Amino acid sequence: MHDLRWLRENAAAFDRSLARRGLPPAAATILALDEERRALETTLQERQAERNRLSKEIGEAKRTGADTTALLARVAALKDEVKAGEERLRELQARLESLLASYPNRLAEEVPDGPDERANRVVRVVGTPRRFGFPPKTHDELGAKLGMSFERAAKLSGARFVVLRGALARLERALATFMLDLQTKEHGYLEVSVPLLVRDDALFGTGQLPKFAQDLFRVDSGHWLIPTAEVPLTNLVAGEILAEAELPLRFTACTPCFRSEAGAAGKDTKGMLRQHQFLKVELVSVTTPEQSAAEHERMTACAEEVLKRLELPYRVVLLCSGDTGFASAKTYDLEVWLPGQGVYREISSCSNCTDFQARRMQARYRPAAGGSPRFLHTLNGSGLAVGRTLIALLENFQEADGSIRLPGALVPYMDGIDRLEPED
């Protein structure tokens, strides 16, 4: 959601941000609707003032015995005018709010311009990809002998689901627990257990609705399955006014995530890369506008630390204007090296949403120095996508015989197991 008062004074800047995303200008349309709404408000105030004045005149006329026919007729006409005007005002307000909600967040100035992922900027590369003495296999080739089955999942649920058995199921659990322990014990995030089903308002607040409804799953009750724990975690502060002293708030949760992937038809259909259901550890921060840029860097570093502890080579990429998400002003992607494919692939996105989500959620804080409540800034990131981390471990730590060596950080979470052996 956008600040209408800011837009009135910065129409060119608003349109410039849209242009950077490849969208046509919209400020003039929004402001014309806003002007019509404000003019109607003024007219209704004038009509109401006239009604109040005439009501007094009618009372005075009745006391003196004067004829009130004309006055009563005018009051009745004003009543009809006001009723029609109020209905029109509600329509204009709804149209204006819907229009404002349909446009993406304003981009940070430092976001590079570009139409798509080819214009993303590599910020840093960490770790050196391993040199194999044999042709490295992909995770699905390795997983076939380790307890990974897409065929059994298809029997149960169809395409884009997976069944993990035995050591792989345990590895998935170990990864999630390791990530949560790191974020809660060392990085100060508060673990939260959240609902997996949410209402429309929660998804509107974080920006998934109405624009991305096709990418979500809805159940018969009218609830939606969460596409990410960002939705319930961020909405914990919806409709609230926090004290500045409480900030920043840092939340984490490990949840299944559900995505229909309607907007990604034909992409990454092989293996576990793009599933309808997957496990993810989410990071959410709620802070002041002055702190959000530094919090963004901190959150990204917290996600990076997972990859460092797991000894996985990766790079940090600043997304360009055409690749930055709807609710985000600035996003860093962490891309892990996958030797089976010979490419870096996204394993985390860390985004600063500034006050965009807070305005949709009506989430504010009261400054310690006094004054009116201000809108919060919200941030979210993956810390990490558990399934993609499992993929990266299989491909980076594979041996020629199909076994998988585990990094030392995971061994305590695997009860001392330091290698996965292929099934016979």
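Everything below is about the structure shown above.
In this report, we go over the structure that sits alongside the text. (Residues numbered from 1 in each chain as written. Predicted model: local features only at pLDDT ≥ 70, side-chain atom pairs only at ≥ 80, totals over all residues. Heavy atoms only, no water.)

1. Some points on the overall build of the protein
As a reminder, the rule being used: Note on conventions: DSSP H or I runs of at least 4 residues are helices, E runs of at least 2 residues are strands, and numbering of each starts at the N terminus. Radius of gyration: over C-alpha atoms. The globule rule applied is 2.2 Å multiplied by the number of residues raised to the 0.38 power. Buried residues are those whose accessible area, probed at 1.4 Å on protein chains only, stays under 20% of the maximum for their type, while exposed residues exceed 50% and partly exposed ones sit between those limits. Any two residues whose heavy atoms approach within 4.5 Å at even a single point are treated as in contact.
The number of helices and strands found in the protein is 12 helices and 18 strands. Its C-alpha atoms give the protein a radius of gyration of 28 Å, more than 25% over the compact-globule value 22 Å for 424 residues. With respect to the principal axes defined by its C-alpha atoms, the protein has extents near 105 × 45 × 40 Å. Looking at the protein residue by residue over its 424 residues, the buried ones come to 50%. A fraction of 72% describes how many contacts in the protein between residues 6 or more apart in sequence connect residues 24 or more apart.

2. Some details on the layout of surface pockets
Regions of empty space are outlined by a rolling probe, equal in size to a water molecule, passed over the atoms. Just so we agree on the cut-off: Space inside and on the surface of the protein is sampled on a 1 Å grid over the protein atoms alone, with a cavity defined as a set of points where a 1.4 Å probe fits but cannot get out and a pocket as an open set with protein on both sides within 12 Å along at least 5 of 7 lines; lining residues have an atom within 4 Å of a point. Grid points are joined across faces, edges and corners, and a volume is the space filled by probe spheres set on the points. When residues are grouped by polarity, Ala, Val, Leu, Ile, Met, Phe, Trp, Tyr, Cys and Pro land in nonpolar, Asp, Glu, Lys and Arg in charged, and all others, Gly among them, in polar.
Here the second largest pocket defines a volume of roughly 380 Å³. Looking at which element gives the most residues to the lining of the second largest pocket, the answer is helix 4 (residues 69–101), with 4 residues. For the lining of the second largest pocket, the residue count by class is 5 nonpolar, 3 polar and 5 charged.

3. A few points about the sheet that holds strand 10 (residues 277–287)
So the rule is basically this: Strands qualify as paired when DSSP identifies two bridges or more between them. Think of each axis as a best-fit line through the C-alpha atoms, taken over the contacting stretch in the case of a helix, with angles from 0 to 180 degrees between the N-to-C directions.
Ordered in space as 1-11-12-13-16-10-9-4, the 8 strands form an open sheet in which the pairing is mixed. In the strand order of this sheet, the two ends are held by strand 1 (121–126) and strand 4 (190–191), each with one partner. Bridge count between strand 10 and strand 16 (residues 377–385): 7 bridges; the pairing is antiparallel. Counterpart to Ser285 in the pairing with strand 16 is Leu379. With respect to the sheet, helix 7 (residues 166–185) is in contact with strand 4, strand 9 (249–258), strand 10 and strand 16, its orientation differing from that of strand 10 by roughly 5°. Helix 12 (residues 386–396) rests against strand 10, strand 12 (330–338), strand 13 (343–352) and strand 16 of the sheet, and its axis sits at about 40° to strand 16.

4. A few points about the nonpolar core
Convention followed: Residues grouped as a nonpolar core are buried Ala, Val, Leu, Ile, Met, Phe, Trp, Tyr and Cys residues, joined through side-chain atoms within 4.5 Å.
Among the nonpolar cores identified, the biggest contains 49 residues, and Leu168, Leu171, Leu175 and Leu390 are the most heavily contacted of them. Among the secondary structure elements, those contributing two or more residues to this core are helix 7, strand 10, helix 10 (292–309), strand 11 (314–318), strand 12, strand 13, strand 16 and helix 12. In this view, Leu175 contacts Leu310, Val386, Thr389, Leu390, Leu393 and Leu410; residues no more than four positions away in its chain are not counted. In this structure, Ala27, Val82, Leu96 and Leu99 belong to the second largest nonpolar core, which totals 19 residues.

5. Remarks on the pattern of salt bridges
Rules: The term salt bridge refers to a side-chain nitrogen of Lys or Arg lying within 4 Å of a carboxyl oxygen of Asp or Glu.
Enumeration over the complete set of coordinates arrives at 32 salt bridges. Across the pair Glu81 and Arg47 runs a salt bridge whose closest N-O atoms are separated by 2.9 Å. One end of the pair, Glu81, is in helix 4; the other, Arg47, is in helix 3 (residues 27–64), with 34 residues separating them in the sequence. A single network of salt bridges, built from pairs that share partners, joins Arg8, Asp34, Arg37, Arg38 and Glu41.

6. Some thoughts on the environment of Arg359
Following the sequence through the fold, Arg359 ends up in helix 11 (residues 356–361). Given a relative accessible area of 16%, Arg359 falls into the buried group. Those residues in contact with Arg359 that sit more than four places away from it in its chain are Met1, His2, Asp3 and Phe375.

7. Points about the packing of helix 7 against helix 10
Put simply, the test is: Any angle that falls under 35 degrees is termed roughly parallel, while one over 145 is termed roughly antiparallel, one within 65 to 115 roughly perpendicular, and all others oblique. Whether a crossing is left-handed or right-handed is set by the direction in which the near helix is turned from the far one by less than a right angle, anticlockwise for left-handed and clockwise for right-handed.
Close contact between helix 7 and helix 10 brings their axes to 10 Å; oriented N to C, the two are set at 130°. Judged by the inter-axis angle, helix 7 sits oblique to helix 10. The two elements helix 7 and helix 10 cross, and the hand of that crossing is right-handed. The residues of helix 10 that touch helix 7, namely those facing Phe178, Met179, Leu182 and Gln183, are Cys302, Ala303, Glu305, Val306 and Arg309. Of the residues that constitute the contact of helix 7 with helix 10, the class distribution is 6 nonpolar, 1 polar and 2 charged.

8. Thoughts on the packing of aromatic side chains
Basically, it comes down to this: Think of it this way: a Phe, Tyr or Trp ring, Trp meaning its six-membered ring, pairs with another when their centres are within 6.5 Å, and the plane angle makes it stacked under 30 degrees, edge-to-face over 60, tilted otherwise. Sitting over a ring, as applied to charges here, requires NZ of Lys or CZ of Arg to be within 6 Å of the ring centre and within 35 degrees of the ring normal.
In total, this model carries 6 aromatic pairs according to the counting rule given. Taken together, a centroid distance of 5.8 Å and an interplanar angle of 75° make the contact between Phe178 and Tyr413 edge-to-face. Separated by 235 residues along the polypeptide, Phe178 in helix 7 and Tyr413 in the loop between strand 17 (404–405) and strand 18 (419–420) bring together distant segments of the chain. Aromatic pair Phe326 and Phe356: ring centres 5.6 Å apart, planes at 80°, arrangement edge-to-face. On the criterion of sequence distance, the pair formed by Phe326 in the loop between strand 11 and strand 12 and Phe356 in helix 11 is long-range, its members being 30 residues apart. For Arg106, the ring lying beneath its charged end belongs to Trp6, and the centroid distance is 3.7 Å. The ring of Phe204 is capped by Arg360, whose NZ or CZ atom sits 4.1 Å from the centre of that ring.

9. Let's talk about unusual backbone geometry
Across the junction of Leu247 and Pro248, the peptide omega takes the value 0°, indicating a cis bond. Within the fold, Pro248 resides in the loop between strand 8 (241–243) and strand 9. Of the consecutive residues Gly383 and Leu384, the connecting peptide bond is found in the cis state with omega at 15°. If you check the backbone angles, Thr354 has positive phi at about 45° while not being a glycine. Mapped onto the secondary structure, Thr354 falls in the loop between strand 13 and helix 11. Positive phi values are uncommon outside glycine, yet Asp415 reaches one of about 55°. By the element assignment, Asp415 lies in the loop between strand 17 and strand 18.

10. Some details on the sheet that holds strand 14 (residues 364–366)
The strand order 8-14-15 describes an open sheet built from 3 strands, whose pairing is mixed. Whereas interior strands pair on both sides, the edge strands pair on one side only; in this sheet they are strand 8 and strand 15 (374–375). In the sheet, strand 8 pairs with strand 14 via 3 bridges, with the strands oriented parallel. Paired with Leu242 across the two strands is Tyr365, which belongs to strand 14.

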